[in-house]
Amino acid sequence: MAARIELAGGGCEFVAMPDAFFGFGRPPVRQLGRPPFGGEYGAGMTLDRFEGLNNEPDIEAPYAHRYAGRTDRAAEIVHTALACQFGTGPDGLPGNDDSGALSSWYVSASLGLFPVAGQNAFLVNAPAFANAQLRFGGNELLIETTGHREAPLAQEAGTCPPPRFVHTATLNGKPLDAGFISGNDVSGGGLLRIELGPNRRRGRRSSVRRRSPTVIEGGRLGGVAMSQRIRRLVIVVRADPVICGHSGEARNLAEVALTRGFDDVRLLTWPLPALQAAGLPLKPLDSILPYSAGITVERPEPVGDYRVPDGRYTLGLTSRLYELFTDGVPTVCISMYLTPHANVTVEALRGARASGSGFDVTTIAKAVGSDITNIVRTSIDQGRPGAAAFLLATFLANDRCVAVSHYTRDLIVESAHRVDRICGTRFAEECAARVTISYPPIDTGAYLDPDPVRVDEALRRRGLERDGYLLFLSRVTLAKGIDDLIAAYRASAGRERVRLVVAGTGPELDQMRALAAGDERIVFLTDVGDEEKPLLMNGCAAFALPSKPRPEFVETFGIALVEKMLAGGGPVITTTTGGIPESVGDTAIEVAAGEPAGLAAAIDHAVLGMTADERRTASRRAREYALRFDRVAVFDGLIEDHAVPAG
């Protein structure tokens, strides 16, 4: 099956084939007469659809979805076959029994244990009985099913079928992490408990969470002993200490993964010297919060002696991913930023599958606006459409393609249309069909209700007072509108009431310091750590992030805005740039981008024009809106079909 999935082009492409064969997403067909003759028979053959369990070649097909992770599809097919294709009358078997082949299929499917031909494995499915006993010599295997409900055949095939999806399973009291058990487990006896439910529980999948085996040798799955309980999440990202929304996203996804059935969580990122040499804004190393036990940050060293440094570092990432993809551990890999992180992921997976491994790896690529503005649009404008087409092809080579906001998704589809017109490709159609939205995950608990005593202590250390400053806390770059903010602050009447605090570092830091030179009301802080952020946000009179579109960057969401809305304090002032409206809803004071005069008026309104009651109401509404981006809900939506609630 591993080779068959590869031949189809990957998991998604493979699933589409049995989907079509069993009629998912296709109109129903009229059942043939008994027996069919002439034109009726010919019409049935042209449908190219599953015609029933007629003979031995048919009996494996209902389980095909299992090998690509769609256990829900297999459950529907097997359940329908049991309910509708077998009976007690003279035509109770759907085809040629051939010395018991179809009868044994019925028995195995009813027990919820289907033997994989030629392998030491039984696929676990929903039993048709509440209890069953199997005897093997002196051993006895008991199968106990909870959630089971008897139903007449008419109801089985109707609108209220009994529960047919496995939600949890344990073997001798231990959670069953694989969707199968070995023949030794079956013949050795014990207790198999299976809990059924009526729904697929997408995004909160059962404890039976590995795909079915593609190859099992000597009781091992791809080199990992079947008794091991390992599931891995890998996130390829610019991680801490980079001041970047994705570094925070990666941390939050990693922390939630530990509560969702992943016991090996890794952030794959760049060595510190490479990050420093790139000129990226970095947090002070001693201000970075530690990760929970179970999360490993890997920084693969460069490989080889290429004269081009990027080649050495990307090979370091690719080679480490190859190792992780070929050790037999079921893995979900998320790449954030298509170039280069999705590139190295796809390349590593291609190499793994070429060597016969990597078929239990699911890849998710998350795109942001700068992937499109920096690569696709720029490449087209420069007459280099090949780079744009390659990026989109790499993006779509992943199992799931997500965008950080609706704005980003629209940007991707729009840019794909431009590539299609130039290159004759069909990227736009596929992007429109496949790209979904996954907002940034926020650790809401880190920002909600900060301790007032700690807030006051933090402000005292900085020489600040509650409601006595306007706060900018982000990368110091022109795309964040910091130059407009300094100009607007200087022109505002509110400057007499509040100071302007610019917290952060970035490529335009020296330029902005020069712009603010001589103004003692403007304060620059370059050492604000993660623990201090919510304290400064809570104590400010207003928070300003007046982002504006630039050729090199467009704000595709606005994570800092959501964090501020959770922390409380004064109102948010921002612009309608990019995906910002999605992050703030109707809870912020919005102005046009690149207009210091409008920004100055907004500062005066927030600082001088709002009553205490209006400020409290605005803060409450902002917090309620921001809670929708809680990292647990976002994780479960992103890691759909793989997230498993703890306990």
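Just so it is clear, the model here is predicted, and its values are computed rather than measured.

Colleague: Explanation requested: the overall build of the protein chain in the structure shown.
Modeller: What the protein chain contains, in helices and strands, is 24 helices and 24 strands. Classification of the 647 residues of the protein chain by burial places 52% in the buried group. The long-range share in the protein chain, meaning contacts at least 24 apart out of those at least 6 apart in sequence, stands at 74%. For the protein chain, the exposed surface amounts to about 27400 Å²; the carbon and sulfur share of it is 52%.

Colleague: Mind showing me how you'd approach the state of the cysteines here?
Modeller: Disulfides are covalent bonds that connect the sulfur atoms of two cysteines. Tallied over the full model, the rule gives zero disulfides. Not part of a disulfide, Cys-401 finds its nearest cysteine sulfur in Cys-431, a span of 7.3 Å. In this structure Cys-401 comes out as buried when scored by relative accessible area, which is 2%.

Colleague: Honestly, the packing of helix 12 (residues 369-381) against helix 14 (residues 406-423) in this entry has me stumped. Any pointers?
Modeller: The description of two packed helices rests on the angle between their axes and on the distance between the axes. Contact geometry of helix 12 with helix 14 gives a least axis separation of 10 Å together with a crossing angle of 20 degrees. Viewed along their axes, helix 12 and helix 14 adopt a mutual orientation that is roughly parallel. The way helix 12 lies across helix 14 gives a crossing that is left-handed. Of the residues in helix 14, those touching helix 12 at Gly-369, Ile-372, Thr-373, Val-376, Arg-377, Ile-380 and Asp-381 are Thr-408, Leu-411, Ile-412, Glu-414, Ser-415, Arg-418, Val-419 and Ile-422. Of the residues belonging to the contact of helix 12 with helix 14, the class tally is seven nonpolar, four polar and four charged.

Colleague: It is not clear to me how the environment of Arg-462 should be interpreted in this structure. Could you clarify?
Modeller: As for its position among the elements, Arg-462 is in helix 16 (residues 452-462). Taking the C-alpha atoms as reference points, Arg-462 and Leu-536, 74 residues apart in sequence, are found 9.6 Å from one another. A distance of 2.8 Å separates polar atoms of two side chains, one belonging to Arg-462 and the other to Glu-532.

Colleague: Please clarify how the sheet that holds strand 24 (residues 589-591) should be interpreted in this entry.
Modeller: Pairing between the strands of a sheet comes from backbone hydrogen bonds, and it takes one of two forms, parallel or antiparallel. Strand order in the open sheet made by the six strands is 21-20-19-22-23-24, with parallel pairing throughout. A single partner strand is all that each edge strand has here, and the edge strands are strand 21 (522-525) and strand 24. Ignoring strand direction, the axes of neighbouring strands in this sheet form an average angle of 25 degrees. With three bridges connecting them, strand 22 (residues 542-545) and strand 23 (residues 572-575) associate as parallel partners. Within the sheet, the bridge partner assigned to Ala-544 lies in strand 23 and is Ile-573. Helix 17 (residues 482-491) contacts strand 19 (469-473), strand 20 (499-503), strand 21 and strand 22 of the sheet and is inclined by roughly 170 degrees relative to strand 20.

Colleague: Is there a simple way to think about helix 17 in this case?
Modeller: Since one α-helical turn is 3.6 residues long, residues separated by three or four positions face the same way. The element helix 17 is largely enclosed, with a buried count of seven among its 10 residues. Buried residues of helix 17: Ile-482, Asp-483, Asp-484, Leu-485, Ile-486, Ala-488 and Tyr-489, and no others. For helix 17, the elements touching its buried residues are strand 19, strand 20, helix 18 (509-515), strand 21, strand 22 and helix 22 (596-609).

Colleague: I'm lost on the confidence of the model for the protein chain in this one. Help?
Modeller: Atom-level detail of predicted coordinates should not be read off regions where pLDDT is low. Here the protein chain shows a mean pLDDT of 84. Residues at 70 or above account for 86%. Every residue in residues 153-159 is under pLDDT 50, and counting partners more than four places away or in other chains gives 11 contacts. Across residues 201-229, confidence stays below pLDDT 50; counting only partners more than four residues off in sequence or on other chains, it has 103 contacts.

Colleague: For this particular structure, what's the right way to read the pattern of salt bridges?
Modeller: A side chain of one charge can pair with a side chain of the opposite charge when the charged atoms of the two come close. Per the stated rule, a full pass over the model turns up 31 salt bridges. Residue Lys-548 is joined to Asp-484 by a salt bridge in which the shortest nitrogen-to-oxygen separation is 3.1 Å. Remark: Asp-484 occurs in helix 17 and Lys-548 occurs in the loop between strand 22 and helix 20 (559-567); sequence separation between them is 64 residues. The exposure classification of Lys-548 matches that of Asp-484, with both residues buried. Put simply, Arg-621 and Asp-586 hold a salt bridge, and the shortest N to O gap is 2.9 Å. On the criterion of sequence distance, the pair formed by Arg-621 in helix 23 (residues 612-626) and Asp-586 in the loop between helix 21 (580-584) and strand 24 is long-range, its members being 35 residues apart. Residue Asp-586 is classed as exposed on the basis of its relative accessible area, which comes to 58%. A single network of salt bridges, built from pairs that share partners, joins Arg-232, Asp-264, Arg-266, Glu-298, Arg-320, Glu-323 and Asp-327.

Colleague: What's the story with unusual backbone geometry in this structure? I'm lost.
Modeller: What you tend to see is this: most non-glycine residues have negative phi, and most peptide bonds are trans. In this model, Asp-240 is joined to Pro-241 through a cis peptide bond whose omega is 10 degrees. Positionally, Pro-241 belongs in the loop between strand 12 (232-236) and helix 8 (245-257). In this chain, Thr-339 is followed by Pro-340 through a cis amide linkage whose omega measures 5 degrees. Tracing the chain through its elements places Pro-340 in helix 11 (residues 338-354). The phi torsion at Asn-172 lies on the positive side, around 55 degrees, for a residue other than glycine. The class for Asn-172 is partly exposed, based on a relative accessible area of 47%. Positive phi, close to 55 degrees, is recorded for Asp-467, a residue that is not glycine. Positionally, Asp-467 belongs in the loop between helix 16 and strand 19.

Colleague: Looking at this structure, I do not really get the nonpolar core. What am I missing?
Modeller: Across soluble globular proteins, nonpolar side chains show a tendency to be buried alongside one another. Core analysis: the biggest nonpolar cluster contains 67 residues, and Leu-470, Leu-471, Leu-485, Phe-543 and Ile-573 have the highest contact counts within it. A total of seven residues in this core trace back to one element, the largest contributor, which is helix 20. Core analysis: the second largest hydrophobic core is formed by 24 residues, Ala-342, Ile-372, Ala-428 and Cys-431 among them.

Colleague: Hey, could you run me through the packing of helix 11 against helix 13 (residues 385-396) in this one?
Modeller: Taken N-terminus to C-terminus, the directions of helix 11 and helix 13 make an angle of 55 degrees; their axes are 9 Å apart at the nearest point. In terms of their interaxial angle, helix 11 and helix 13 are classed as oblique. As helix 11 packs across helix 13, the resulting crossing turns out to be left-handed. Of the residues in helix 13, those touching helix 11 at Leu-338, Thr-339, Ala-342, Asn-343 and Val-346 are Phe-390, Leu-391, Thr-394 and Phe-395. Across the contact of helix 11 with helix 13, the residue classes tally to six nonpolar, three polar and no charged.

Colleague: What is the right way to look at the side chain of Asn-252 in this model?
Modeller: You can see Asn-252 is positioned in helix 8. The residues contacting Asn-252, other than those within four sequence positions of it, are Pro-441, Ile-442, Asp-443 and Arg-631.

Colleague: What exactly am I supposed to notice about the packing of aromatic side chains here?
Modeller: Ring pairs (aromatic) are described by centroid distance and by the angle formed between their planes. Within this structure, the stated rule accounts for 11 aromatic pairs. Geometrically, the ring pair formed by Phe-557 and Phe-629 is edge-to-face, given 5.1 Å between the ring centres and 80 degrees between the ring planes. With a gap of 72 residues between them, Phe-557 in the loop between strand 22 and helix 20 and Phe-629 in the loop between helix 23 and helix 24 (631-638) connect regions that are remote in the sequence. Each residue in the set Tyr-63, Phe-86, Trp-105, Tyr-106 and Phe-114 is aromatic and connected to the rest through ring pairs, giving one cluster. A cation over a ring is seen here: Arg-475 above Phe-553, with NZ or CZ 5.1 Å from the ring centre. Between the NZ or CZ atom of Arg-628 and the centre of the ring of Tyr-625, over which it lies, the distance is 3.8 Å.

Here is what the cut-offs are and how they apply
- Per-chain numbering applies: the sequence of each chain, read as written, is numbered from 1 onward.
- Only residues with pLDDT of at least 70 get local features here, since the model is predicted, and only at 80 or more are side-chain atom pairs given and counted; chain-wide, interface and lining totals rely on the full set of residues.
- Neither water nor hydrogens contribute to the side-chain values; these are computed over all heavy atoms in the structure.
- Starting at the N terminus, helices and strands are each numbered in turn, a helix being any DSSP run of H or I of at least four residues and a strand any DSSP run of E of at least two.
- For every residue, the accessible area obtained with a 1.4 Å probe (protein chains only) is divided by the maximum for its type, and the residue is called buried under 20%, exposed over 50%, and partly exposed between those limits.
- A contact between two residues is defined here by any heavy atoms of the two lying within 4.5 Å.
- Here the open area of atoms and residues is found with the Shrake-Rupley method and a 1.4 Å probe, where only the protein chains shown may cover a residue.
- Cysteine sulfur atoms are paired as a disulfide whenever they fall within 2.5 Å.
- To obtain each axis, a line is fitted to C-alpha atoms, and for helices this fit is confined to the stretch in contact; angles are then taken between N-to-C directions over 0 to 180 degrees.
- For classification, angles of less than 35 degrees are called roughly parallel, those exceeding 145 degrees roughly antiparallel, those between 65 and 115 degrees roughly perpendicular, and all remaining angles oblique.
- Here is the rule for handedness: rotate from the far helix to the near one, and if that takes an anticlockwise turn smaller than a right angle the crossing is left-handed, while a clockwise turn gives right-handed.
- Under the grouping applied here, Gly and all other residues not named as nonpolar or charged are polar, the nonpolar ones being Ala, Val, Leu, Ile, Met, Phe, Trp, Tyr, Cys and Pro and the charged ones Asp, Glu, Lys and Arg.
- Polar contact criterion, stated in full: a pair of N or O atoms within 3.5 Å, where within protein one must be able to donate a hydrogen and the other to accept it, and residues adjacent in sequence count only if both atoms are side-chain atoms.
- Any two strands between which DSSP finds at least two bridges are classified as paired.
- Summary of the metric used: pLDDT quantifies the predictor's per-residue confidence within the range 0 to 100.
- Salt bridge, as applied in this entry: a Lys or Arg side-chain nitrogen positioned within 4 Å of an Asp or Glu carboxyl oxygen.
- Nonpolar core, defined: a set of buried Ala, Val, Leu, Ile, Met, Phe, Trp, Tyr and Cys residues in which side-chain atoms within 4.5 Å join the residues together.
- Any pair of Phe, Tyr and Trp rings, taking the six-membered ring for Trp, is counted once the centres come within 6.5 Å. Such a pair is stacked with planes under 30 degrees apart, edge-to-face with planes over 60 apart, and tilted for the rest.
- For a Lys NZ or an Arg CZ to count as sitting over a ring, it must be within 6 Å of the ring centre and within 35 degrees of the ring normal.

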